[in-house]
Amino acid sequence: MFTRYMLLATEQRRNEEQRTLGELFFFLVDEMADITFSRSLDILMDALMASLQEILKLSDEQLSAFIADFESRLPEYLRNALHPGTAMA
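In this text the structure is predicted, and so the values were computed from the model without any measurement.

Definitions and limits used
- Residues numbered from 1 in each chain as written.
- Predicted model: local features only at pLDDT ≥ 70, side-chain atom pairs only at ≥ 80, totals over all residues.
- Heavy atoms only, no water.
- Helix = DSSP H or I, 4+ residues; strand = E, 2+ residues; numbered from the N terminus.
- Buried < 20%, exposed > 50% of the residue type's maximum accessible area, 1.4 Å probe, protein only.
- Salt bridge = Lys/Arg side-chain N within 4 Å of Asp/Glu carboxyl O.
- Core = buried A, V, L, I, M, F, W, Y, C linked by side-chain atoms within 4.5 Å.
- Contact = heavy atoms within 4.5 Å.
- Axes fitted to C-alpha atoms, helices over the stretch in contact; angles between N-to-C directions.
- Parallel < 35°, antiparallel > 145°, perpendicular 65-115°, else oblique.
- Left-handed = near helix turned anticlockwise from the far one by under 90°.
- Nonpolar A, V, L, I, M, F, W, Y, C, P; charged D, E, K, R; others polar.

> So, the overall build of the protein: which residues are in play, and what are the values?
Within the protein one finds five helices and zero strands. Secondary structure elements of the protein occur, N-terminal to C-terminal, as α-α-α-α-α. Relative to its full complement of 89 residues, the protein shows a buried share of 11%.

Shown next, in the form of structure tokens:
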């Protein structure tokens, strides 16, 4: 009986520790701010434009033409994510 009690007590302690760690994880995740889809897309676009200017030595006019062409080829939901103000109007 004593051995059975020890096994049950050990198993209970393991389960409680996992729940505690799980709760701690969720508390930490809740504290972190999520980056929005449109913000992450904006970061990627900025990095792409900077690389194009740096490596290909594109002028501002060429870069603007590239951006316009690139964005016109995107699906509508991505264009709306890049320019959230224009989707509302």
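Having seen it, we continue.
> Let's hear about the pattern of salt bridges: which residues, and what values?
Evaluated as defined, the whole model comprises two salt bridges. Notably, a salt bridge pairs Asp42 with Arg39, separated by 3.3 Å at the nearest N-O pair. Note that Asp42 and Arg39 are positioned in helix H2 (residues 37-56) at a spacing of three residues, about one turn of the helix. Classification of Asp42 by relative accessible area gives partly exposed; the value is 30%. Residue Arg39 is classed as partly exposed on the basis of its relative accessible area, which comes to 41%. The shortest N-O distance in the salt bridge between Arg73 and Asp69 comes to 2.9 Å. Of this pair, Arg73 and Asp69 both sit in helix H3 (residues 60-73), four residues apart, which is roughly one turn of that helix.

> An account of the nonpolar core is requested, with residue identities and associated values reported.
Within the largest apolar cluster, nine residues are counted, these being Leu41, Met45, Met49, Leu52, Leu63, Leu74, Leu78, Ala81 and Leu82. Listing elements by their share of this core, those giving two or more residues are H2 and helix H4 (76-82). The biggest single contributor to this core is H2, with four residues. In this structure, Leu74 is in contact with Arg79 and Leu82, ignoring residues within four places of it in sequence.

> Any chance you could break down the packing of H2 against H3 for me, citing the residues and the numbers?
Here H2 crosses H3 at 140 degrees, and the two axes come no closer than 11 Å. With respect to H3, the axis of H2 lies oblique. The crossing of H2 and H3 is right-handed. In this structure, H2 uses Met45, Leu48, Met49, Leu52 and Gln53 to contact H3, whose residues at the interface are Asp60, Leu63, Phe66, Ile67, Phe70 and Glu71. Within the contact of H2 with H3, the residues separate by chemical class into eight nonpolar, one polar and two charged.

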